[in-house]
Amino acid sequence: EYISVSNLAIALGQKIDIFLSQLEELGFEDVGKENILTGETAALVAQEYGFEPTVDTGEEEDLKARPAAADPSSLPLRPPVVTIMGHVDHGKTTLLDYLRKSSTVAQEHGGITQHIGAFSVSLSGGKQITFLDTPGHAAFLSMRQRGANVTDMVILVVAADDSVMPQTLEALKHARAAKVPIIVAINKVDRPEANVDRVKSDLATNGVEIEDYGGDVQVVCVSGKTGQGMADLEENILLLAEMLDIRAETDGMAEGWVLESTIKPLGRVATVLIKRGTLRPGDFIVAGRVHAKVRSLRNEAGVEIDEAPPGTAVEVLGWKEPPDAGDLVVQAPDESKAKAAVHYRQELHDRGEIISQMAQQEQDRQKRDHERELERIANPPRRRGRHQPAPAPPPPAEDPVAAEDAPPQMTHLNFTIKGDVHGSVEAVAAAILEQGNNEIRPRVLHAAPGQITEWDVEHAAVAGSTIVNFNNTIPGHIKRLAQEQGVPILEHNVIYHLVEEVRERLADALPPLV
Ligand code: GDP
């Protein structure tokens, strides 16, 4: 019932380095491929990858992003989501300001009154484009690092009077890494120093296959100042969107990404970019380890709206805690499912932390052992005292001290730790791991907050583990089950006393002296 991280990665069909970084996202820090996970933790991780857990804990629950539709071409089109990137001072903010003025709500409500991280522009024929209005690479990257590919295309802004610059190339690199297509907007063409041809040839030199050179990357000449070419830019975005065939179902459970999260006078708000489905007030949603009953939805003009369809960004009120930017948002069928998912994710996170700490402690311990061993080799122990300079080496075969110091057989005593809260479980695990000597050591197989469950007892029975119950009640049937299965339970609410008892148990478990 134990599995190493690398074997789990293989079992789940994940590449090990990607898997490790994903584990980190789940809250496992500093976990290496050699670390050992308990079956239960492994099952929870597997569940995150959409596998049915083989170990049924009976109490956990999570919401899954829906699988892709069988026939995507039958779905309705949704507005493309666009990010503007480019070198500093090349005009990203100016272009966004220009577009924002022409945005749907700005026209309906006399201007955008608040920044929510994105806005939508309506074009003739009822088509829409959603612009993420945090320019630059940082936002794009931080979302990408969290696995969120929120943007459908990148507008690469290059100033006609400055041409390709370091951050232009960086933006290109990121767009390529994310496999997001680009449209080049050559900006500031109103300036007398503008040199469009130079920009084009510089782009071609850097591997951008632009239309003029026979490639398929569109290039549009614009001016954020005069508005020249801006309608063309929007047309080109729609053209690319058509080619990309961007579609999403409008019904069913909503899904999206958290773009921003802040506290406003109204309470905690987060902007959610809806990816699929339609979000409405009254819906229950989960993002990371927090949930919300959607109290109201507001657009970039601060106006309340009844629904947010795919491809639009909306400010959501009603969060219990602020979610993190980049978090995936998933709708839950009801409040209890939303709460259960949050609970489950919290537990997974806690376990991840405890396992990381245990991994760290194990590493530290190995390092200490190694150093001790080195010291021992350098200064062989003598009866007359370890710290005195060693005299001439004795004949090796007849040294009785060396025989006495030969490494004894190492024994382990297994522990399962349960407790009232995460913090105390952590402290108990740390205190227990401090104990032991070269002959016997404690090993923590599983540590998690909560009451002892049947699962805990059954696994402790199989693994020959002693359960530690810290500062928590034990249900009667669990006590009986433990007795039947012969699983010892140590009950304490003072760490000092607990450690005393653990020491006794360790001493008892030592093989008898001959
Ligand atoms: P960002 O750093 O990429 O966001 O660049 P900004 O939008 O802040 O623009 C940098 C400077 O270039 C500002 O002084 C803008 O007024 C100016 N600028 C931006 N777009 C244009 C344009 O199309 N024409 C001219 N003449 N100036 C522009």
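Residues numbered from 1 in each chain as written. Predicted model: local features only at pLDDT ≥ 70, side-chain atom pairs only at ≥ 80, totals over all residues. Heavy atoms only, no water.

- By the naming in an unreviewed UniProt entry, the protein goes by Translation initiation factor IF-2, mitochondrial and is assigned to Trichocladium antarcticum.

Topic: the pattern of salt bridges
When the charged atoms of two side chains with opposite charge come close together, those side chains can pair.
Here's step 1: A full pass over the atoms with the stated rule returns 19 salt bridges.
Here's step 2: Two residues, Asp133 and Arg100, come together in a salt bridge whose shortest N-O distance is 3.2 Å. Residue Asp133 is found in the loop between strand S5 (128–132) and helix H6 (137–145), and its partner Arg100 is found in helix H4 (residues 92–101); the two are separated by 33 residues along the sequence. Judged on exposure class, the residue Asp133 and its partner Arg100 are both buried.
Here's step 3: Between Arg503 and Glu500 there is a salt bridge; the shortest N-O distance is 3.6 Å. Here Glu500 and Arg503 lie together in helix H15 (residues 495–509), a separation of three residues that amounts to about one turn. (Salt bridge = Lys/Arg side-chain N within 4 Å of Asp/Glu carboxyl O. Helix = DSSP H or I, 4+ residues; strand = E, 2+ residues; numbered from the N terminus. Buried < 20%, exposed > 50% of the residue type's maximum accessible area, 1.4 Å probe, protein only.)

Concerning the nonpolar core
Here's step 1: The biggest cluster of nonpolar side chains holds 24 residues, and the ones touching the most others in it are Ile84, Phe131, Ile155, Ile183, Leu233 and Ile237.
Here's step 2: Counting only elements with at least two residues in this core, the list comes to strand S3 (81–86), H4, strand S4 (118–122), S5, strand S6 (153–159), strand S7 (182–187) and helix H9 (230–244).
Here's step 3: Examining the composition of this core, we find that six residues originate from one element, H9, more than from any other.
Here's step 4: The contact partners of Ile155, leaving out residues within four places of it in the chain, are Val82, Thr83, Ile84, Met85, Ile183, Ala185, Leu233 and Ile237.
Here's step 5: Core analysis: the next-biggest nonpolar cluster, separate from the first, contains 21 residues, Met85, Leu156, Val199 and Val219 among them. (Core = buried A, V, L, I, M, F, W, Y, C linked by side-chain atoms within 4.5 Å. Contact = heavy atoms within 4.5 Å.)

Concerning the sheet that holds S4
Here's step 1: The six strands are arranged S4-S5-S3-S6-S7-S8 in an open sheet whose pairing can be described as mixed. Of all strands in the sheet, those bounded by a partner on one side alone are S4 and strand S8 (219–221). Neighbour to neighbour, the strand axes of the sheet diverge by 30° on average, direction disregarded.
Here's step 2: The sheet strands contacting H4 are S3, S4, S5, S6 and S7, and the helix crosses S3 at an angle near 150°.
Here's step 3: Helix-sheet contacts for helix H8 (residues 196–205) involve S6, S7 and S8, and the interaxial angle to S7 is about 150°. (Pairing = 2+ DSSP bridges. Axes fitted to C-alpha atoms, helices over the stretch in contact; angles between N-to-C directions.)

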